[in-house]
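As a plain string of letters, each chain reads:
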Amino acid sequence: MSQPTPRTTKATDGSAPQEGVELQDVSVVFGGEAVLADVDLLLPAGRTALLRGPNGAGKSTLLRAIAGLLPFKGEILLFGARPRTLEGRAAFAFVADVPTLFEDLTVREHAAFLSRAYARPESEERTLAWYERFELAERVDEFPGTHSRGMRHKAALALALGLEPDLLLLDEPFNTLDADARVTLGEALRQRAQDGRINLLSAHDQSLERDLEAEVVEVRGGHVSRLRG
Amino acid sequence: MLRRRVGRGYHWVGRTFGWSTIIYLVFWIALFVVGGVQSAAPIEHPLPVAALPIALDALALLALVSVSLQRSPPVVLGRSHAMLLGLSPWPAQRVLRPRLLGFFASRVVVGAVVGTAAWLLVTILFAVSVPALVALGAGLWLLRAALAMLVYERRRVALPLALLASALAALGAASGALGFEQGAAAPVLAAVAASALGLLAAVAAYAYQGAGYPAGYLFDAMVVAEFRASVLMAVMTQSAGALRRRGTTTRTRRRAKGRRSGSARLRLPAPSAEYGALGAVAWRSALSLLRAPLLMKVALLAALGYVYAMLSAGVVGGLPLAVLGLAAGFLASWLLGPSVEPAPLPLDPFARGGGRVLPGLFAAAVLFAVFATVRSATGGPAGSGEAGLLGFALVALATVTLEKASSWLHVSHREWTAWGLSGLLSGTLLWVLSALGGPGVITLGALGLAFGSLLVLP
């Protein structure tokens, strides 16, 4: 198998693109050790990018840095806004590998709460429709604490998809899903890319690259290189 | 068996520590305690004695009410009990007698220590010496321990006993002020009654060991003994840094919320979308308040009533007010809505802070208004409304500072670090305000600071 040639991902004219995600010289340091070092990445609209690499390579760290959940050096711009600003936060939805849900709200109330918090009232109906597609409709009036790990993951994905953010960050989203839900999520991600939105997810499954028509971004030893797409 | 156990224990203590050493230590500790209480100087402006019985009765009621919150068996048994209960020809009462005696005796000692501390505090804060508080504490703790056993076994006798104790506390509240002023007759009577009730309940709890054998708690008690051993191991592992305690706690809380029956049925309609993020967060906070356990709501009501009673009794200015501000922090931690972190939501500070604070403060305002109305309707003094407004201002300041502290520190508002920072902030602000003027200045200043910082601070 020939080694694919890494190609530069930085904007050639040096200006910050307004229609996508741009990372410039991003480093994340834990305890004096760089988990990510000088990462440059450009994701234009309408793309699905698949972060791939061994365990501990820094895939989740990269996603969390983009979501503004980790301190970093360098510059991250989400459609021209920094991730910790209100505009930046409104631009994306993040589903962690262990999804964060509000344990005091039922699954249905999550849809109502997030639609108002994001000032997207129409997203409540969309989220309820995604609950149905993920076969959660009969359990929406229960607290997520009573649900299995897979069901919690489905609920978090339905909420993120319902919000229809310009950028969707997913950390190993397929791991806990059943076969039907994997198909549903795959279709949703393909449709999002066709609609001009960006999906950035981490996964180990080799077949996803073809199924999602995704570009592969290799993360290894804290360095990032785009391989093919 | 009991004689043998006592004899064995007596010899073990004698061999390990020496009885003369223990008597020597007990003598000096008693001497220091009595000397400490006698030399305790009251503060310059003692609190009004009329507030003392209300405070004591509120604490006694809380101690008794908290029994029903207990979800684990009050007595923990060991493997030797399991062997004896299962294999020996002795009846259950005889096997359990040494353990139960030890359990009740330890509670009497704890109660006496609590009573002594209360005696000391009362001497300093109220400038009256009430030695009967030691006996009252011991009797109350004995009653609490016996009630805990009876409640855990769902014995019908527990309810009448709890009602009797509540009536006793209410009677103390009604006649307490008179008794304290006329030579401490009421606390002595209360101590005697609490001790008698405690003994009665303990005897009932012991008698039921044979009547309903095997009691439900026996199995739980043994499981808990094993569980404690594994928890001890987990704690040791955690302290070595091998486990993540936060994850365990989160899972436990998540399960507890899911298990609480019926709480999902308590609903509030979601606000209109035009209220935006502020409306969403406020709705979530109101839901959280609505779904809080019933006993917690009762405790919240009692705490609000306590703050109002202290303020309407005239506790304004200086150190007592700062202490009251810290007490309001407890209220704040329950009035404040749940945290929105660590989810990266697009919420501005006003939407986050206002949404978390306003529903609880609205409930507090309504309750203070009810207290003031009831007090003035029942012939209270003219300043009932002012006390309510001051109480609301204190709680508002404590709640807002707690919200800010928890957000700045990125911790839950139930964490001690957030409590500490909030207490420091609200205590300092109240101290400054009380130095500037009387209740009117404090009320206006606290309300201005609370709502101003909601609007301005991140």
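Residues numbered from 1 in each chain as written. Chains lettered and ligands numbered in written order. Predicted model: local features only at pLDDT ≥ 70, side-chain atom pairs only at ≥ 80, totals over all residues.

So, the overall build of chain A
From N to C terminus, chain A includes seven helices and nine strands. Within chain A, buried positions represent 47% of all 229 residues. Contacts spanning at least 24 positions in sequence make up 68% of the contacts within chain A whose residues lie at least 6 apart. (Helix = DSSP H or I, 4+ residues; strand = E, 2+ residues; numbered from the N terminus. Buried ≥ 20, exposed ≤ 12 C-beta atoms within 10 Å, placed from the backbone. Contact = placed C-beta atoms within 7 Å.)

Remarks on the nonpolar core
Grouped together as the largest cluster of nonpolar side chains are 163 residues, with contacts concentrated most on Leu169 of chain A together with Ala146, Val307, Val395, Leu397 and Ala446 of chain B. The greatest single-element share of this core, amounting to 16 residues, is contributed by helix H6 (residues 132–152) of chain B. (Core = buried A, V, L, I, M, F, W, Y, C linked by C-beta atoms within 7 Å.)

Section: the environment of glycine 222 of chain A
Residues and elements named next belong to chain A. Here glycine 222 lies in the loop between strand S8 (215–220) and strand S9 (223–228). Here glycine 222 falls in the buried class, since 21 other C-beta atoms lie within 10 Å of it. When residues no more than four places from it in sequence are discounted, the contact partners of glycine 222 are Ala34, Val35, Leu36, Ala37 and Gly58.

With respect to helix H3 (residues 51–65) of chain B
Structurally, the α-helix is built with 3.6 residues per turn, so residues lying three or four positions apart point the same way. Under the 1.5 Å per step criterion, the end-to-end length of H3 of chain B is 21 Å for 15 residues, consistent within 8% with the ideal 21 Å. Within the span of H3 of chain B, buried status applies to Ala51, Leu52, Pro53, Ala55, Leu56, Asp57, Ala60 and Leu64 of chain B. (Expected span 1.5 Å × (residues − 1).)

Side note on the packing of helix H4 (residues 123–133) of chain A against helix H5 (residues 149–163) of chain A
Residues and elements named next belong to chain A. For the pair H4 and H5, the least separation of the axes is 8 Å and the interaxial angle reads 140°. Judged by the angle between their axes, H4 and H5 are oblique. Taken as a pair, H4 and H5 cross one another with a handedness that is right-handed. On H5, the residues touching Ser123, Arg126, Thr127, Trp130 and Tyr131 of H4 are Ala158, Leu159, Leu161, Gly162 and Leu163. Split by residue class, the contact of H4 with H5 holds six nonpolar, three polar and one charged. (Axes fitted to C-alpha atoms, helices over the stretch in contact; angles between N-to-C directions. Parallel < 35°, antiparallel > 145°, perpendicular 65-115°, else oblique. Left-handed = near helix turned anticlockwise from the far one by under 90°. Nonpolar A, V, L, I, M, F, W, Y, C, P; charged D, E, K, R; others polar.)

Details of the interface of chain B and chain A
Of the residues lining the interface, 23 residues belong to chain B; the matching set on chain A comes to 24 residues. Only helix H10 (245–259) and helix H11 (276–290) of chain B provide two or more residues apiece to the side of chain B that touches chain A. Element by element, the count of residues in the side of chain B that touches chain A is highest for H11 of chain B, at seven residues. In terms of residue class, the side of chain B that touches chain A is made up of 13 nonpolar, four polar and six charged.

Here's the deal with the confidence of the model for chain B
Regions with low pLDDT carry predicted coordinates that are not meant to be interpreted in detail. This prediction gives chain B a mean pLDDT of 75; 75% of its residues lie at or above 70. With pTM at 0.62, the complex prediction returns an ipTM value of 0.84. (pLDDT = per-residue confidence, 0-100.)

Quick look at unusual backbone geometry
In this structure, phenylalanine 79 of chain A takes a positive phi of about 55° despite not being glycine. By secondary structure assignment, the location of phenylalanine 79 of chain A is in the loop between strand S4 (73–78) and helix H2 (86–91).

Considerations on the pairing of strand S6 (residues 167–171) of chain A
Residues and elements named next belong to chain A. Most of S6 is tucked away: five of the five residues are buried. Neither face of S6 is exposed, since Leu167, Leu169 and Asp171 on one face and Leu168 and Leu170 on the opposite face are all buried. Note: strand S5 (residues 92–95) against S6, four bridges, orientation parallel. Bridging across to S6, phenylalanine 92 finds its partner in leucine 167. As paired elements, S6 and strand S7 (residues 198–202) share five bridges and run parallel to each other. The residue of S7 that forms the bridge with leucine 168 is asparagine 199. (Pairing = 2+ DSSP bridges.)

Structural notes on the packing of helix H3 (residues 107–117) of chain A against H5 of chain A
All names here are of chain A. Close contact between H3 and H5 brings their axes to 11 Å; oriented N to C, the two are set at 25°. In terms of orientation, H3 and H5 fall into the roughly parallel class. Considering how the two elements wind past one another, H3 and H5 form a crossing that is right-handed. Residues Val107, His110, Ala111 and Leu114 of H3 form the contact with H5, whose own contacting residues are Ala155, Leu159, Gly162 and Leu163. Of the residues assigned to the contact of H3 with H5, the class counts are six nonpolar, two polar and no charged.

Observations concerning the sheet that holds S4 of chain A
All names here are of chain A. One open sheet accounts for three strands, arranged S2-S1-S4; its pairing is antiparallel. The two strands at the open ends of the sheet, each matched to only one other strand, are strand S2 (33–43) and S4. Taken over all neighbouring pairs, the strand axes of this sheet differ in orientation by 20° on average, direction set aside. Pairing of strand S1 (residues 21–30) with S4, which is carried by five bridges, proceeds in the antiparallel orientation. When the bridges of S4 are listed, serine 27 appears paired with lysine 73.

Quick word on the environment of valine 340 of chain B
Mapped onto the secondary structure, valine 340 of chain B falls in the loop between helix H13 (318–335) and helix H14 (349–377). Expressed as a C-alpha distance, the spacing of valine 340 of chain B and serine 412 of chain B, which sit 72 residues apart in the sequence, is 9.4 Å.

Considering the environment of tyrosine 208 of chain B
Here tyrosine 208 of chain B shows up in helix H8 (residues 185–211). As for tyrosine 208 of chain B and alanine 92 of chain B, which are separated by 116 residues in sequence, their C-alpha atoms are 10.0 Å apart.

Digging into the confidence of the model for chain A
On average, chain A scores 85 in pLDDT, and the residues at 70 or more come to 91%. Note on residues 1–17 of chain A: pLDDT under 50 across the span, and 21 contacts to partners over four residues away in sequence or across chains.

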